[in-house]
Amino acid sequence: MIPKSFVQDLLNRIDIVDVIERYVPLKKAGTNFVACCPFHNEKSPSFTVSQTKQFYHCFGCGAHGTAIGFVMEHAGMGFVDAVEELARSISIEVPREANSPAQQKVAPDLYDLMHAATRYYREQLKQSPRAIDYLKQRGLSGEVAARFGIGYAPDAWQNLEAVTPNYKDASLVATGKVIEGEGDKRYDRSRDRIMFPIVNVRGQVIGFGGRILDKGEPKYLNSPETTLFEKGHELYGLFQAQKTIRAKQCVIVVEGYMDVVALAQHGVEYAVATLGTATTPYHVQKLLRLSDQVVFCFDGDRAGQKAAWRALENALPQLVDGKRIGFLFLPEEHDPDTYIREFGREAFEELVEDSLPLSGYLLRELTSQVDLHTPEGRNALLQKAQPLLVAISAPATALLLRKEVAALAGVTQAELEALYEIKPVAAPQRRAPQKAARPAPSGLRALLRCLLLKPDLARQLPLDWSSEAEEGAAILELAQWVRVQESEVSAAATIQNFQGTKFESTFAAVQAETLKLGETFDVAAEFEGVLSMLRVDERKQQLLTLQRKIEQAELKGLSEQERTLYLQLLQRG
Ligand SMILES: [Zn+2]
């Protein structure tokens, strides 16, 4: 666990403008900075970054957050990774609360070494007609090869002597680039191979995939797991593809680097590959954060079928209602590389479009294994479906699949839930009929604006503060949180704290309004003014309520005739 106080401290020490500028060029506009939004397609900039308030807001798509939120969204990182990345950028150490495994420190010179190796392989490719020929045969242009940093490791034992002053240095073994043999002999892991740099979302080379040029085994050779490279976490091509993935809101997951590169060569620039492992839950989570649709594309052979099922199993706990996961099975003799070379982009994208939805694939597989005409078969279905259904936490998806499986097995949803001993997914509660949308009391809105500009003002609110309006509830929650903070609270810390709560969108909307206030805006004065106005309003409201009560008491004393007359007069106004 990262201590909350550290997160606040970090937000105080970094500058959101520096952070965002690493990814998106910003232009100064008044007191703020603007850019075309990296999260939606637009021609004129509505993405606004406030340096004084340390948050960003897009007036086009509503994207909103702090520097941490930006790194998470933009690079598809988790919270912990984003915090670490930002801490590293200003060279401070992330403290850990007890119980967390000690983080392994990565010496920065390992990255340098990988970078030097990449440059070296690129150079070698230019000098090897044989390697160039091979890539040409596979239909790759120089442009795409450059985009992916593809290179060539010559057929020699100690190529990497060229990139390091000391081939004996332990760091070479640590990167997995060099193997230590018997009697202290050292040699390169990759020889006579086409080299595909594996790049993390920050653009750093963390490993290599190597493909043999001619015949020979193994056909593909990956870097081993190192402190830089964790297979279950990384996806080949994500760095290059992330922009297109975000724009298209679709990502294709394939099995090999050549598939990613070949698809990109044909204009399908939103594919990534797992690296010699099955798709992990981590992969799925990462991709669902970037995109509304994830399509797994598998070869048509038996291995592909098996890999697809593994991907499904690992995807279930990560499902998010409203996002789509699809499965695409290519004809048996094809992989994405051969398919797109033979049939072209349009045909391939049609397949992606028609991919089988996860629920369809799950039900198809389950029912194909059993005979639903017999009680034994239906029983087997229930047994097989149990671990799968139990793994789903997305409520709507869970509900629908339980209903489907129950129906196929001839039981009710309640019976199925009892059998599995799982909590029923409640039928969605019917919402109370929406009251005619009451315009937000502008006083409360103004008060919330002040509090979000200067959260510490909340300490001055009366303790018995209460209100029914949405803004009122948000103010109450904010005040309670601010009161228990020991040090001064910034706007960014507030955003970070309420991320993922029901107040997030209210805060985002009001914070967006604060961007339009001039620098001369006097928060403290406005706060005082609004507060006293609200107190006057409150007194008026109390008075009105009392008057109404008196009226009603008197009404009771009226005769039937007088009452009718009174009501008629009231209606006429
Ligand atoms: Zn936007």
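The model shown is predicted, which means the values in this text are computed figures rather than measured ones.

1. Some words on the overall build of the chain
- What the chain contains, in helices and strands, is 23 helices and 16 strands.
- Considering only C-alpha atoms, the chain reaches an extent of 105 × 70 × 50 Å along its principal axes.
- Relative to its full complement of 573 residues, the chain shows a buried share of 36%.
- A sequence separation of at least 24 residues applies to 65% of the contacts in the chain between residues at least 6 apart.

2. What to know about the nonpolar core
- Counting 90 residues, the largest nonpolar core has Val 251, Val 260, Val 272 and Phe 296 as the members making the most contacts within it.
- Setting aside residues up to four positions removed in sequence, Val 272 forms contacts with Leu 235, Tyr 236, Gly 237, Leu 238, Ala 241, Val 251, Val 253 and Val 260.
- Ala 446, Leu 452, Ile 475 and Phe 507 belong to the second largest nonpolar core, which has 51 residues in total.

3. Some thoughts on unusual backbone geometry
- In this model, Gln 54 sits at a positive phi of 60°, which is unusual for a non-glycine residue.
- With respect to the secondary-structure elements, Gln 54 resides in the loop between β3 (47-50) and β4 (55-58).
- A positive phi is found at Ser 91, a non-glycine position, where the angle reads about 55°.
- Assignment of secondary structure puts Ser 91 in the loop between α4 (79-89) and α5 (108-126).

4. A short note on the packing of helix α14 (residues 358-368) against helix α15 (residues 375-391)
- Relative to each other, α14 and α15 sit at 145°, their axes nearing to 9 Å. At the point where α14 passes α15, the crossing takes the right-handed sense. Contacts from Leu 362, Leu 366 and Thr 367 of α14 reach α15 at Leu 381, Lys 384, Ala 385 and Leu 388.

5. Brief notes about the domain arrangement of the chain
- By domain assignment, the chain separates into domain 1 (4-89), domain 2 (108-222), domain 3 (238-362), domain 4 (369-420) and domain 5 (442-553).
- Put simply, the middle of domain 2 and the middle of domain 5, counted by C-alpha atoms, are 59 Å apart.

6. Regarding the sheet that holds β3
- Strand order in the open sheet formed by 5 strands is β1-β2-β3-β4-β5, with antiparallel pairing between adjacent strands. Every interior strand has two partners, whereas the edge strands, β1 (27-29) and β5 (64-65), have only one.
- Two strands pair when backbone bridges link them, and strand β2 (residues 32-35) and β3 are joined in this way by 4 bridges, in the antiparallel orientation. Along β3, the bridge assignment pairs Val 34 with Thr 48.

7. So, the pairing of strand β10 (residues 205-212)
- Among the 8 residues of β10, 6 are classified as buried, and the element is accordingly described as predominantly covered.
- Where strand β9 (residues 193-199) folds back on β10, the antiparallel hairpin that results is connected by 5 residues, among which Gly 203 adopts a positive phi of roughly 90°.
- In terms of strand pairing, β10 meets strand β11 (residues 220-222) through 3 bridges, oriented antiparallel. By the bridge assignment, Arg 211 is partnered in β11 with Tyr 220.

8. A closer look at the confidence of the model for the chain
- With 94% of its residues at a pLDDT of 70 or more, the chain has an overall mean of 85.
- Between residues 428-440, whose pLDDT stays under 50, and residues either more than four places distant or in other chains, the model counts 4 contacts.

9. A word on the environment of Thr 280
- By secondary structure assignment, the location of Thr 280 is in the loop between β13 (271-273) and α11 (281-290).
- Look at Thr 280 and you get buried, because 20 C-beta atoms sit within 10 Å.
- Each C-alpha atom of the pair Thr 280 and Leu 312 lies 9.8 Å from the other, and the pair is 32 residues apart in sequence.

10. Concerning the environment of Leu 546
- Relative to the assigned elements, Leu 546 resides in helix α22 (residues 523-556).
- Distance from Leu 546 to Arg 535, taken between C-alpha atoms, is 17 Å for residues 11 residues apart in sequence.

11. Details of the sheet that holds β10
- Sheet architecture is open: 4 strands sit in the order β6-β9-β10-β11, paired in antiparallel fashion. Every other strand in the sheet has two partners, leaving β6 (151-153) and β11 as the edge strands with one partner each. Strand-to-strand twist across the sheet, computed as the mean angle between neighbouring axes with direction ignored, equals 35°.
- As judged from the 7 bridges shared by β9 and β10, these two strands associate in the antiparallel manner. Counterpart to Pro 197 in the pairing with β10 is Phe 208.

12. Re the pairing of strand β15 (residues 324-329)
- With 6 bridges connecting them, strand β14 (residues 293-298) and β15 associate as parallel partners. By the bridge assignment for β15, Val 294 is matched with Ile 325.
- Read as a crossover between parallel neighbours, the route from β14 over helix α12 (residues 302-315) to β15 is right-handed.
- As paired strands, β15 and strand β16 (residues 356-357) are joined by 2 bridges and run antiparallel to one another.

13. Considering helix α10 (residues 257-265)
- Of all 9 residues that make up α10, 9 are buried, and the element is covered over most of its length.
- The set of residues buried in α10 consists of Tyr 257, Met 258, Asp 259, Val 260, Val 261, Ala 262, Leu 263, Ala 264 and Gln 265.
- The secondary structure elements touched by the buried residues of α10 are α7 (142-147), β9, β10, β12 (250-254), β13 and α13 (336-353).
- Downstream of α10 by a residue or two, Gly 267 has a phi angle that is positive, lying close to 90°.

14. Notes on helix α21 (residues 504-514)
- Among all positions in α21, only Thr 506, Phe 507, Val 510, Gln 511 and Thr 514 are buried. Taken around the axis of α21, the buried residues stretch over an arc of 125°, which confines them to a single face.
- Its buried side turned inward, α21 meets β4, β5, α18 (442-453), α19 (470-483) and α20 (491-498).

15. A closer look at the packing of helix α1 (residues 4-13) against α20
- Taken N-terminus to C-terminus, the directions of α1 and α20 make an angle of 140°; their axes are 9 Å apart at the nearest point. Taken as axis vectors, α1 and α20 run oblique relative to one another. In the packing of α1 onto α20, the handedness of the crossing is right-handed. Within the contact between the two elements, α1 uses Val 7, Gln 8 and Leu 11 and α20 uses Ala 492, Ala 493 and Gln 496.
- Among the residues forming the contact of α1 with α20, the class breakdown is 4 nonpolar, 2 polar and no charged.

Definitions and cut-offs
Residues numbered from 1 in each chain as written. Predicted model: local features only at pLDDT ≥ 70, side-chain atom pairs only at ≥ 80, totals over all residues. Helix = DSSP H or I, 4+ residues; strand = E, 2+ residues; numbered from the N terminus. Buried ≥ 20, exposed ≤ 12 C-beta atoms within 10 Å, placed from the backbone. Contact = placed C-beta atoms within 7 Å. Core = buried A, V, L, I, M, F, W, Y, C linked by C-beta atoms within 7 Å. Axes fitted to C-alpha atoms, helices over the stretch in contact; angles between N-to-C directions. Left-handed = near helix turned anticlockwise from the far one by under 90°. Domains from an automatic or database assignment. Pairing = 2+ DSSP bridges. pLDDT = per-residue confidence, 0-100. Right-handed = clockwise from strand over helix to strand, strands pointing away. Arc of directions from axis to C-beta. Parallel < 35°, antiparallel > 145°, perpendicular 65-115°, else oblique. Nonpolar A, V, L, I, M, F, W, Y, C, P; charged D, E, K, R; others polar.

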